Amino acid sequence: MACSPEPQPQVEPIALAELMNTHYALAQDIYDALINGDFVSLHDHATELANPIPVSNLPDAWAPHLDGMRSAAKRLVGEYSTAKAASGFADLATACANCHHMTATTPAIKVYPTPDDTGDIRTHRLRHAWDAAPTATARSIPLTNGYKST
Ligand code: HEC
C-alpha cells in the first residue's frame, strides 16, 4: 500500500538519537525565535539546521527527507518576513513529519507543566506560549501516529 511505512532501517541508535535531539532543539529554537520576532536568532538556528548532516551511515532512502529538511531550513536563512518565516517553519515541520511517517517513528516530545496562573501579564504570556508549543511541535509528528491535539 502506498502509504504504509517502510521497515525501519538499521542505524547506529545513539548517534541517531543525538542527531534527532539536535534537530528538535534547533526546530524549537527556530519556532521560539519566530514567535519572539527575533530574526537574528532565527537566522543562526536555521543556518545550523541547514548544515550537512554530521552522521555518515544513514540509509539512502532518508536522503530526500534530510535534503527537504535542510532546504526548508536554508529558505529560512535571511528571511525577515514574519509571514514567510512562519510558512517556512511549517515546511520544515512537514519535512520532519514526512520522515517520521516513513520510518514509523513517534518521537517522544517532552511536555512541560503548565505555568501557574498568578494573574500577571508575564504568566499570562507564558501560559499562552505553553498552549501554542505542542501545536507547533505536533506538526513534526505524523498525526496518524497517535498525537491528539486538545
Ligand atoms: C530522514 C528522516 C528524519 C528526518 C528528516 C527527521 N527525523 Fe526525527 N527521527 C527519525 C527517526 C528514524 C527517529 C527514531 C530514532 C530512534 O530510533 O531513536 C527520529 C526521532 C526523533 C526524535 C526522538 C529522539 C530520541 O530521543 O529518541 C525527535 C525529538 C525528532 N526525531 C525530531 C525531529 C525534528 C524536529 C525533525 C525536523 C527538524 C526531524 N526529527 C527530522 C527520522 C527523521
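Residue positions within a chain follow its written sequence, with the count starting from 1. Given that this is a predicted model, residues contribute local features only at a pLDDT of at least 70 and side-chain atom pairs are listed and counted only at 80 or more, while totals for whole chains, interfaces and linings are drawn from all residues.

1. Brief notes about the overall build of the protein chain
- Secondary structure is summarised from DSSP: a helix means a run of H or I of at least four residues, a strand means a run of E of at least two, and numbering begins at the N terminus for each. Counting secondary structure elements, the protein chain contains 5 helices and 0 strands.
- Listing each helix as α and each strand as β along the protein chain from the N terminus yields α-α-α-α-α.
- Partly exposed residues are those falling between the two cut-offs: more than 12 but fewer than 20 other C-beta atoms within 10 Å of their own, whereas 20 or more means buried and 12 or fewer means exposed, with C-beta atoms placed from the backbone. Counting over 150 residues, the protein chain shows a buried share of 19%.
- For every residue pair, C-beta atoms are placed from the backbone, and the pair is scored as a contact if these atoms sit within 7 Å. Put simply, of all contacts in the protein chain between residues at least 6 apart along the chain, 63% involve residues at least 24 apart.

2. Considerations on the nonpolar core
- Counting residues in hydrophobic clusters, the biggest one holds 21 residues, and the most contacted among them are Ile30, Leu34, Leu42, Ala73, Phe89, Leu92 and Cys96.
- Those elements that provide at least two residues to this core are α1 (13-36), α2 (39-50), α3 (63-76) and α4 (82-102).
- Per-element tally for this core: the top contributor is α4, with 8 residues.
- With residues near it in sequence (within four places) discarded, Ala73 still touches Ala46, Leu49, Ala50 and Leu92. The term nonpolar core means buried Ala, Val, Leu, Ile, Met, Phe, Trp, Tyr and Cys residues held together as one set by C-beta atoms within 7 Å.

3. Side note on the environment of Pro107
- Within the element layout of this structure, Pro107 appears in the loop between α4 and α5 (121-138).
- The partly exposed category is assigned to Pro107, around which 18 C-beta atoms lie within 10 Å.
- Sequence-wise, Pro107 and Met20 are 87 residues apart; in three dimensions their C-alpha atoms are separated by 9.0 Å.

4. Quick look at the confidence of the model for the protein chain
- The predictor attaches a confidence to each residue, called pLDDT, with possible values from 0 through 100. Predicted confidence across the protein chain gives a mean pLDDT of 79, with 66% of residues reaching 70 or more.
- α2 holds the highest mean pLDDT among the elements of the protein chain, 96, whereas α5 holds the lowest, 61.
- The low-confidence segment residues 143-150, where pLDDT is below 50, has 7 contacts with residues more than four positions distant or belonging to other chains.

5. Overview of the environment of Leu26
- The residue Leu26 is located in helix α1 in this model.
- By C-beta crowding, Leu26 is classed as buried, having 20 other C-beta atoms within 10 Å.
- If we skip the residues at most four places from it in the chain, Leu26 touches His45, Glu48 and Leu49.

6. Here's the deal with the site of the ligand
- The ligand sits among 22 residues. The nearest are Met20, Tyr24, Cys96, Cys99 and Pro107.
- Looking at the shell around the ligand, the elements that each hand over two or more residues are α1, α3 and α4.
- By residue number, the principal contributor to the shell around the ligand is α1, which donates 8 residues.
- Here the shell around the ligand is composed, by residue class, of 15 nonpolar, 7 polar and no charged. Any residue whose C-beta atom, as set from the backbone, lies within 6 Å of a molecule or strand is reported as near that molecule or strand. Nonpolar residues are Ala, Val, Leu, Ile, Met, Phe, Trp, Tyr, Cys and Pro. Charged residues are Asp, Glu, Lys and Arg, and all others, Gly as well, are polar.

7. Brief notes about unusual backbone geometry
- The phi torsion at Ala104 lies on the positive side, around 55°, for a residue other than glycine.
- Within the secondary structure, Ala104 sits in the loop between α4 and α5.
- Assessed through the 14 C-beta atoms surrounding it within 10 Å, Ala104 is described here as partly exposed.

8. Considerations on the packing of α2 against α3
- Where α2 contacts α3, the two axes come as close as 8 Å, and the packing angle between them is 155°. Classified by the angle between their axes, α2 and α3 sit roughly antiparallel to one another. Relative to α3, the crossing made by α2 is left-handed. Here Leu42, Ala46, Leu49 and Ala50 of α2 lie close against α3, whose contacting residues are Arg70, Ala73, Lys74 and Leu76.
- Counted by class, the contact of α2 with α3 contains 6 nonpolar, no polar and 2 charged residues. Axis lines are fitted to C-alpha atoms, over the contacting stretch for helices. Their N-to-C directions set the angle, which ranges from 0 to 180 degrees. Relative orientations are named as follows: roughly parallel for angles under 35 degrees, roughly antiparallel for angles over 145 degrees, roughly perpendicular for angles from 65 to 115 degrees, and oblique for any other angle. Throughout, a crossing is termed right-handed when the near helix is turned clockwise from the far one, and left-handed when it is turned anticlockwise from it by less than a right angle.

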